[in-house]
Amino acid sequence: MQFNFICCLISRVLHNRIIMADKLRAQQQLEQLQTRYVGVGHADTTKHEWVSNVHRDSLASYIGHPAMLEHFSVAFNEPRERVRMQFVDKMIQPCGPPKEKEEI
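Note that the structure is predicted; figures quoted are calculated from it, not measured. (Residues numbered from 1 in each chain as written. Predicted model: local features only at pLDDT ≥ 70, side-chain atom pairs only at ≥ 80, totals over all residues. Heavy atoms only, no water.)

A. Expanded view of the nonpolar core. Within the largest apolar cluster, 5 residues are counted, these being Leu-59, Leu-69, Phe-72, Val-83 and Phe-87. The set of elements that each furnish at least two residues to this core consists of helix 3 (66-76) and helix 4 (80-90). Every residue in contact with Leu-69, bar those within four places of it in the chain, is listed here: Tyr-62, Ile-63, Arg-80, Val-83, Arg-84 and Phe-87. (Core = buried A, V, L, I, M, F, W, Y, C linked by side-chain atoms within 4.5 Å. Buried < 20%, exposed > 50% of the residue type's maximum accessible area, 1.4 Å probe, protein only. Helix = DSSP H or I, 4+ residues; strand = E, 2+ residues; numbered from the N terminus. Contact = heavy atoms within 4.5 Å.)

B. Local environment of unusual backbone geometry. At Asn-77, a position not held by glycine, the phi torsion is positive, near 55 degrees. Among the structural elements, Asn-77 can be located in the loop between helix 3 and helix 4.

C. Here's a closer look at the packing of helix 2 (residues 47-64) against helix 4. Helix 4 packs onto helix 2 with a crossing angle of 160 degrees between their chain directions and a minimal axis gap of 10 Å. Classed by the angle they form, the pair helix 2 and helix 4 counts as roughly antiparallel. Between helix 2 and helix 4 the crossing geometry is left-handed. On helix 4, the residues touching Leu-59, Tyr-62 and Ile-63 of helix 2 are Arg-84, Phe-87, Val-88 and Lys-90. Looking at the contact of helix 2 with helix 4 residue by residue, the classes come out as 5 nonpolar, no polar and 2 charged. (Axes fitted to C-alpha atoms, helices over the stretch in contact; angles between N-to-C directions. Parallel < 35°, antiparallel > 145°, perpendicular 65-115°, else oblique. Left-handed = near helix turned anticlockwise from the far one by under 90°. Nonpolar A, V, L, I, M, F, W, Y, C, P; charged D, E, K, R; others polar.)

Here's what the structure looks like:
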């Protein structure tokens, strides 16, 4: 009876250590991604920054894929180069200026 209790206790301790190691590994991988890629964000990323990064990534993808750029130029009834320049200009502030923080 006592042997089963000890085995169960050891099993739980090992299981908890494995879970903690997995959590630590996941946290380290997330931090590594955050340092490598700006668009991933971090704990202090505001909603405006995150949405701006998503919009910039989308615009960069549209510019980088000629078929998508052609699709947009047909939809907007504009020359492809003009649409490309509009997208490049929009990348500066894709969501407008950030809201000012209120001091408490």
